[in-house]
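Read off the chains here:
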Amino acid sequence: MIKNFVEELTWRGMIHTVMPGAEEHLMEGMKSAYIGFDPTADSLHIGNLVPIMILAHYQRCGHKPVALVGGATGMIGDPSGKSNERNLLDEKTLRHNQESIKGQLAHFLDFESDTDNAAVLVNNYDWMKEFSFLEFIRDVGKHITVNYMMAKDSVKNRISSDSSEGMSFTEFTYQLVQGYDFLHLYRENKCTLQMGGSDQWGNITTGTELIRRISGGKGFAITCPLITKSDGSKFGKSEGGNVWLDAKRTSPYKFYQYWLNSSDEDAEKYIKIFTFLKEEEINALVEEHKQAPHVRVLQKRLAEEITKMVHSESDLDNAIKASNILFGKSTDEDLKQLDEQTFLDVFDGVPQTEVPASDVENGLEMIAALAEKGGFLKSNGEARRALKENSISVNKVKVKEDYKITNSDLINDKFVLLQRGKKNYFLLRIV
């Protein structure tokens, strides 16, 4: 059963440009379409989530998605939207990155089923590596004029008088290489549609032009808007840089927090783009959110849906528990269940000091832990007063002056969390 893909993307705000005839073409029956992914790292980041979601919707609408890993193009560098060239990679690194990326795409796309529209992963290095330069300029280059290539925005922006970088011949030919990918997939995989961000329109239409001139066929193009944040800052970046899909690079807790911290305006936009929730459910959530914005219904649901898809249900549960440690009621057991990375992420920026392991083995007195040994409070007198006021906790549990910190208090065998009142935290790192 073919569903209307363009219609689905339109209400979600995921359509920028549709080549005339593309929607009708897709309603004729199952069609193959591809999107390219850059393999210059062994993980995708949330900037890649829009094309991933587009392919996932494509498959859900009954069509066949093709994910292209740009092994060959990754060796060149795409000039679109960039002001300089990228680092070029060797084949071994590219192959490793390709496998890692496929694992991440498998959270969204079905590669394994025996249905006609099972997803396929291809690497353009496989068909470009044997292509000699002379063959390429003879069989491909002669069909596209320099005038045509110069008219593309991605080229014009780089060779304008405003650009200090200029553009290498390698990058200038990028659109021909990407255009040839489309032609190759048209011939070998019956691929009739290429999709991508709006900055890719020039490269995609070079492909449709090659299909028309060399094969006498018809290729189509659909692009989506580039995602922006309402405050003007770059989508997909946090203070620490890219927000990655790989848990080793960005922990599920930090990933969850990124979405949870979305503005109201962004959350309303993102929940349509980054979840599979139906229109009626999203509209109901938006209404609920408007009634009580401080409850952050939209942000919570967005963060839950996307963390579950990219990571897992248990990772989501841990991220929620970790969030509650700072902002809600939690126990020392909750703290001790956190893995070290999540624990450090939760208490990122909290002051800490090192305490010798021998002090803890012998039982560290609370006054010493707070003042002389730890340095959380300025003096023994202040520590004594705070303990009398019942405002001191060890690992979220209130303690008295006679309490001693021992090995049984250690979190991940090396941390003790001290707290005064609700918001003042301090870490002892046992060394």
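Calculation notes
- Residues numbered from 1 in each chain as written.
- Predicted model: local features only at pLDDT ≥ 70, side-chain atom pairs only at ≥ 80, totals over all residues.
- Heavy atoms only, no water.
- UniProt positions renumbered as here; feature names shortened; annotations may be inferred.
- Helix = DSSP H or I, 4+ residues; strand = E, 2+ residues; numbered from the N terminus.
- Buried < 20%, exposed > 50% of the residue type's maximum accessible area, 1.4 Å probe, protein only.
- Contact = heavy atoms within 4.5 Å.
- Axes fitted to C-alpha atoms, helices over the stretch in contact; angles between N-to-C directions.
- Parallel < 35°, antiparallel > 145°, perpendicular 65-115°, else oblique.
- Nonpolar A, V, L, I, M, F, W, Y, C, P; charged D, E, K, R; others polar.
- Pairing = 2+ DSSP bridges.
- Domains from an automatic or database assignment.
- Phe/Tyr/Trp six-rings, centres within 6.5 Å; stacked < 30°, edge-to-face > 60°.
- Lys NZ or Arg CZ within 6 Å of the ring centre and 35° of its normal.

Looking at an unreviewed UniProt entry, one finds the chain named Tyrosine--tRNA ligase and attributed to Seonamhaeicola maritimus. The record in UniProt for the chain states the following under Subcellular location (unreviewed entry): "Cytoplasm". Under the UniProt heading Catalytic activity (unreviewed entry), the note attached to the chain is "tRNA(Tyr) + L-tyrosine + ATP = L-tyrosyl-tRNA(Tyr) + AMP + diphosphate + H(+)".

### Brief notes about the UniProt feature "binding site: L-tyrosine" (unreviewed entry) in the chain
According to UniProt, the "binding site: L-tyrosine" (unreviewed entry) feature falls on Tyr34, Tyr174 and Gln178. Within the secondary structure, Tyr34 sits in strand β2 (residues 32-37). Under the relative-accessibility criterion, Tyr34 is labelled buried at 1%. Those residues in contact with Tyr34 that lie beyond four places of it in its chain are Val66, Leu68, Gln178, Asp181, Phe182, Leu185, Cys191, Leu193, Gln194 and Met195. Along the polypeptide, Tyr174 turns up in helix α11 (residues 174-189).

### Notes on the packing of helix α13 (residues 252-260) against helix α17 (residues 313-327)
Running from amino to carboxyl end, α13 crosses α17 at an angle of 70°, the nearest separation of the two axes being 9 Å. When the axis of α13 is compared with that of α17, the two are roughly perpendicular. Along the contact surface, α13 presents Pro252, Tyr253, Tyr256 and Gln257, while α17 presents Asp315, Leu316, Ala319, Ile320, Ala322, Ser323 and Leu326. Among the residues making up the contact of α13 with α17, the classes are represented as eight nonpolar, two polar and one charged.

### Structural notes on the sheet that holds strand β1 (residues 17-18)
Hydrogen bonds between backbone groups are what pair the strands of a sheet, and the pairing can be parallel or antiparallel. A sheet is described by the order of its strands in space; here six strands give the open sequence β1-β6-β5-β2-β3-β4, paired in mixed fashion. At either end of the open sheet lies a strand with only one pairing partner, and these are β1 and β4 (120-123). The sheet contact formed by β2 and strand β5 (residues 191-197) spans three bridges and is parallel. What sits directly across from Ser32, in β5, is Cys191. Contacts between helix α12 (residues 201-215) and the sheet are confined to β1, β5 and β6 (220-224), with β6 contributing the most and set at about 170° to the helix.

### Thoughts on unusual backbone geometry
Phi at Asn390 takes a positive value of approximately 60°, unusual for a residue other than glycine. Its location among the elements puts Asn390 in the loop between α22 (380-388) and β11 (392-394). For Asn390, a relative accessible area of 32% corresponds to the partly exposed category. For Asn412, which is not glycine, the phi torsion reads 55° and is therefore positive. Of note, Asn412 is situated in the loop between β13 (404-405) and β14 (415-420).

### Some points on the domain arrangement of the chain
According to the domain assignment, the chain contains domain 1 (5-224), domain 2 (237-328) and domain 3 (348-430). The C-alpha centroid of domain 3 is placed 33 Å from the C-alpha centroid of domain 2.

### Quick word on the side chain of His311
In this structure, His311 sits in the loop between α16 (297-310) and α17. The residues contacting His311, other than those within four sequence positions of it, are His107, Leu245, Asp246, Ala247, Thr250, Pro252 and Phe255.

### Things to note about the sheet that holds β11
One open sheet accounts for five strands, arranged β9-β15-β14-β11-β12; its pairing is mixed. Every other strand in the sheet has two partners, leaving β9 (352-355) and β12 (397-398) as the edge strands with one partner each.

### Concerning α13
By the criterion of burial, α13 is predominantly enclosed, with eight of the nine residues buried. Among the residues making up α13, those that are buried are Pro252, Tyr253, Phe255, Tyr256, Gln257, Tyr258, Trp259 and Leu260. Those residues of α13 hidden inside the fold are in contact with α3 (49-60), β7 (237-238), α14 (264-273), α16, α17 and α19 (340-346).

### Notes on the packing of aromatic side chains
Within this structure, the stated rule accounts for 18 aromatic pairs. Considering the side-chain rings of Tyr270 and Phe274, the 5.7 Å spacing of their centres and the 70° angle between planes classify their relative orientation as edge-to-face. Clustering of aromatic rings is evident, with ring pairs tying together Phe235, Phe255, Tyr258, Trp259, Tyr270 and Phe274. The ring of Phe276 carries Arg60 above its face, with NZ or CZ at 3.6 Å from the centroid. Between Arg249 and the ring centre of Trp244, over which it is positioned, the NZ or CZ distance is 4.4 Å.

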